[in-house]
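# Commentary on secondary and tertiary structure
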Amino acid sequence: MDLRTEVAGDFDAVASSPSSAHQPSRFARPLPRILAIANQKGGVGKTTTAVNLGACLATIGYRVLVCDLDPQGNASTGLGLNPHNMETSMYDVILNDLPIEDCIEPSSVRGLFVAPASLDLAGAEIELVPAFSRELRLKRAIGAVIDDYDFVLIDCPPSLGLLTVNGLAAADEVVVPVQCEYYALEGLGQLLRNVDLVQRNLNPSLAVSAIICVMYDARTKLSDQVVADVRAHFGDKVCRNVVPRTVRLSEAPSFGQPIIAFDPTSRGAIAYRELAKEISGGASQRTR
């Protein structure tokens, strides 16, 4: 069986399971929503998507929390925070039962908040091993504040350790960025199998709701071919809007800003703004 056939089979098993078969369209799901941004392959745009999708959702009227579970802390720095200066972080939430509201920080974008990572998270995988209810600690923490937000976006590490399992156990939906490059589907089959495992054992409501094609280069036939392949295998789970590979998207994190603040008229900003509308179903109608 070739990799693409195997991946498609794994996706069908997850997407057609009893827990997701009767869910409404991803464009009309009720709020609040908890999305895990996950892909076990590194360098595929998970953090870029978490930061910029979160920022764009905030600009169209939603109240958004980005939860940074990656020990590298790139989502935190990409939103203007310095993980080295954090008094509290997701490490304290996961390991020490700190209420998550005690570590949440505002970003420069109105309506967008961050639960930052710290370098201490690198040791959390080992420290969690003997911990009681180790897979559900993030779920409990988010459950205490979920009514304060429309969207919670969880930036998962690029591996299936206990941090990623916590992210999947806490989420209702999985959003998978796939880069428009050779080996795009590498690791995706294993991710879908792991989503299925978490779904069956920890979180029956979990479902893959969206696949986003990122790093699209219109100058190459390869990008077009990868998008066509992904759409052929995964159908309407693939977002209509693709994210282009741009220098401005790469530069924005070094200034601690999402792309809509750094360069709001750039192709990257336009792409993530359209993605936010697509995934959310439009501007916020929720009243507080």
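Everything here concerns the structure above.
Summary of the structure given here.

Analysis parameters
- Residues numbered from 1 in each chain as written.
- Predicted model: local features only at pLDDT ≥ 70, side-chain atom pairs only at ≥ 80, totals over all residues.
- Heavy atoms only, no water.
- Patch = residues over 30% accessible without salt bridge, like charges linked within 9 Å, V, L, I, M, F, W, Y side chains within 5 Å.
- Areas by Shrake-Rupley, 256 points an atom, 1.4 Å probe, with all protein chains shown as cover.
- Salt bridge = Lys/Arg side-chain N within 4 Å of Asp/Glu carboxyl O.
- Lys, Arg positive; Asp, Glu negative; His and termini not counted.
- Charge placed at Lys NZ, Arg CZ, Asp CG, Glu CD.
- Helix = DSSP H or I, 4+ residues; strand = E, 2+ residues; numbered from the N terminus.
- Phe/Tyr/Trp six-rings, centres within 6.5 Å; stacked < 30°, edge-to-face > 60°.
- Buried < 20%, exposed > 50% of the residue type's maximum accessible area, 1.4 Å probe, protein only.
- Pairing = 2+ DSSP bridges.
- Contact = heavy atoms within 4.5 Å.
- Axes fitted to C-alpha atoms, helices over the stretch in contact; angles between N-to-C directions.

### Description of a negative patch on the surface
Together, Glu101, Asp102, Asp147 and Asp148 give the surface a local cluster of negative charge. Note on placement: Glu101 falls in the loop between helix H5 (90-96) and strand S3 (105-106).

### Examining the packing of aromatic side chains
Geometrically, a pair of aromatic rings is defined through the distance of the ring centres and the angle of the planes. Overall, the coordinates contain three aromatic pairs when judged by the stated rule. Here the aromatic rings of Tyr62 and Phe151 are separated by 5.0 Å at their centres, their planes lie at 90°, and the arrangement is edge-to-face. Of this pair, Tyr62 sits in the loop between helix H3 (46-59) and strand S2 (64-68) while Phe151 sits in strand S5 (residues 151-155), and the two are 89 residues apart along the sequence. Take Tyr62 and Phe151: they sit in the same class, and that class is buried.

### Considering the pattern of salt bridges
Taken as a whole and judged by the stated rule, the model has eleven salt bridges. In this structure, Arg248 and Asp263 form a salt bridge, with 2.9 Å as the shortest nitrogen-oxygen distance. Of the two residues, Arg248 sits in helix H11 (residues 247-251) while Asp263 sits in the loop between helix H12 (259-262) and helix H13 (267-280), which places them 15 residues apart along the sequence. Three or more residues are tied together by salt bridges with common partners; here these are Arg29, Arg33 and Glu173.

### Some thoughts on the sheet that holds S3
The strand order S3-S4-S2-S5-S1-S6-S7 describes an open sheet built from seven strands, whose pairing is mixed. Lying at the two open borders of the sheet, with one neighbouring strand each, are S3 and strand S7 (207-214). Direction of pairing for S2 relative to S5: parallel, over a ladder of five bridges. Counterpart to Asp68 in the pairing with S5 is Asp155. With respect to the sheet, H3 is in contact with strand S1 (33-37), S2, strand S4 (112-115), S5, strand S6 (173-179) and S7, its orientation differing from that of S5 by roughly 165°. The sheet strands contacting helix H9 (residues 188-201) are S6 and S7, and the helix crosses S6 at an angle near 175°.

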